[in-house]
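Report on the structure
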Amino acid sequence: MFFYRRAIVSRECRRSVETLASIANSTGWKSHSTLPKEARVVICGSGLFGNSVAYHLVQSGWSDIIVFEQESKFGKGTSMHGSGTLALLKPVQEKQIIAKSMELYKKLQAAGHDINYEECGSLYLAQNKERMVLLKRRVAMNQVQGLDCKILGPQELAECHPLLNTTDLEGGVLVSSDATADQTAVCDTLAKLAMAGGAKYVNNCAFVNLQVENGRVAAVDTTLGTIQCEFFVNCAGMWSWALGQVSHPKVRIPTHPVEQFYLKTQQLEKNFPTLLPTVRDYDSNIYIRKISSDNSFLMGCFEKVAKPIFTQGVPKRNWRESVQLDWDHCAPFLDSCLKRMPKLRESKLHSLGEV
């Protein structure tokens with residue numbers, strides 16, 4: 001984020017989700033093919049972050065906002081490849097950010113937006129005493145903040161999830177308010193509400209350079225021309241670092257994309273509850289969630305040191321075609337998932353994806 005300063009806006013300027021929702025439902029998507037000469041705020045990137053910034057600015061009474069996107073369609077970067085899981089058993093500061101997001105998603109769902117927000121809960125597993133101590137400490141820190149979480153033994157964990165193998169577990173924690181949501185639907189909804197509030201979206205427009213005068217942003221050069229602005233927000237995702245490097249002066253942005261794999265199964269021919277808690281096994285670096293609409297499952301991994309991708313630069317166009325799915329790399333994590341839920345061996349893999 002470049003040269004952003006806090007704005008103090010009166011409550012009267014704020015627009016409700018319900019009001020914007022009614023406008024969004026009547027107007028729908030509307031993109032522009034030309035770039036205006038000036039705007040108060042210019043946002044680069046129409047993924048979840050960019051749309052969220054635009055939405056919250058509109059909610060706070062800001063106007064004259066431009067969001068530009070290098071692709072022909074909006075939100076087609078990495079935002080649509082997330083796992084859709086929302087976990088609250090985190091360090092307090094992280095938990096507060098996630099809780100704010102969940103509060104917003106509840107409002108969006110209540111306003112009639114189908115983002116598939118569901119409080120399915122989560123089970124946090126411990127395979128050893130050290131992990132159990134860590135989880136207990138985290139429970140203690142979060143309980144005083146009002147989070148409802150329960151420490152469970154192996155038998156109680158098995159009762160919470162019919163597929164869970166608990167023979168090697170020391171125990172775990174149940175957080176019933178953890179949730180899942182359709183990240184693509186959230187991204188689209190925030191964009192529609194931002195548009196309904198007056199933000200303008202321009203597609204097929206790529207960043208070229210950032211003009212700075214007296215230490216502050218003055219204008220943004222793009223492939224569709226130059227736009228003067230008071231504020232510029234870099235929400236370019238995995239292109240953020242490259243964007244900072246071509247700015248004058250250069251801006252150091254410490255980010256680089258890495259590979260995070262997930263596998264989807266086909267439906268299991270079993271009768272399960274519609275909602276099952278997401279399983280988070282930190283000792284095996286895996287998570288498993290049930291897709292509520294059917295009996296399929298999503299299995300993912302989170303490595304301590306993930307494999308870098310696009311080490312020679314992130315492609316500006318058709319980046320998905322440059323991704324090489326590495327089955328050998330994710331095979332150990334698949335084995336861990338099948339050990340944690342042996343019944344999944346009865347299902348067929350539907351696809352391998354990358355976050």
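As a starting point, this report considers the structure included with it.

Quick notes on the rules
Residues numbered from 1 in each chain as written. Predicted model: local features only at pLDDT ≥ 70, side-chain atom pairs only at ≥ 80, totals over all residues. Heavy atoms only, no water. Patch = residues over 30% accessible without salt bridge, like charges linked within 9 Å, V, L, I, M, F, W, Y side chains within 5 Å. Areas by Shrake-Rupley, 256 points an atom, 1.4 Å probe, with all protein chains shown as cover. Salt bridge = Lys/Arg side-chain N within 4 Å of Asp/Glu carboxyl O. Helix = DSSP H or I, 4+ residues; strand = E, 2+ residues; numbered from the N terminus. Buried < 20%, exposed > 50% of the residue type's maximum accessible area, 1.4 Å probe, protein only. Pairing = 2+ DSSP bridges. Contact = heavy atoms within 4.5 Å. 1 Å grid on protein atoms, 1.4 Å probe; cavity = no way out; pocket = protein on both sides within 12 Å on 5 of 7 lines; lining within 4 Å. Points joined across faces, edges and corners; volume = space filled by probe spheres on them. Nonpolar A, V, L, I, M, F, W, Y, C, P; charged D, E, K, R; others polar. Expected span 1.5 Å × (residues − 1). Bend = angle between axes of the 7 residues up to and from the residue.

1. Quick word on a nonpolar patch on the surface
- Among the surface-exposed residues, L325, W327 and L349 lie close enough to one another that they form a single nonpolar patch of about 270 Å² accessible area.
- Structurally, L325 is set in the loop between β18 (307–308) and α8 (327–340).
- Look at L325 and you get partly exposed, because its relative accessible area is 41%.

2. Some points on the pairing of strand β15 (residues 278–281)
- Both faces of β15 are covered, namely the face carrying T278 and R280 and the face carrying V279 and D281.
- Here four bridges tie strand β5 (residues 122–126) to β15, and the two strands are oriented parallel to one another. Paired with L123 across the two strands is V279, which belongs to β15.
- Relative to strand β16 (residues 286–290), β15 runs antiparallel, the two sharing three bridges. Its bridge partner lying in β16, V279 is registered against I288.
- Taking the residues that link successive antiparallel strands as the turn, the β15-β16 hairpin has four residues, and the phi of N285 there is positive, at about 60°.

3. Some details on the environment of L349
- For L349, the position within the fold is in strand β19 (residues 349–354).
- Between the alpha carbons of L349 and T265 there is a distance of 4.3 Å; along the sequence they are 84 residues apart.
- When near neighbours in sequence (up to four residues on either side) are disregarded, L349 contacts L263, K264, T265, Q266, M299, W327 and L334.

4. Section: the layout of surface pockets
- Within this model, the second largest pocket holds a volume of roughly 250 Å³.
- Taken together, the residues of the lining of the second largest pocket break down into five nonpolar, eight polar and three charged.

5. Focus: α8
- Under the 1.5 Å per step criterion, the end-to-end length of α8 is 19 Å for 14 residues, consistent within 8% with the ideal 20 Å.
- At F333, α8 shows its maximal kink, close to 25°.
- For α8, the complete set of buried residues consists of C330, F333, L334, C337, L338 and R340.

Honestly, that's just the spatial picture; any functional story needs more than this.
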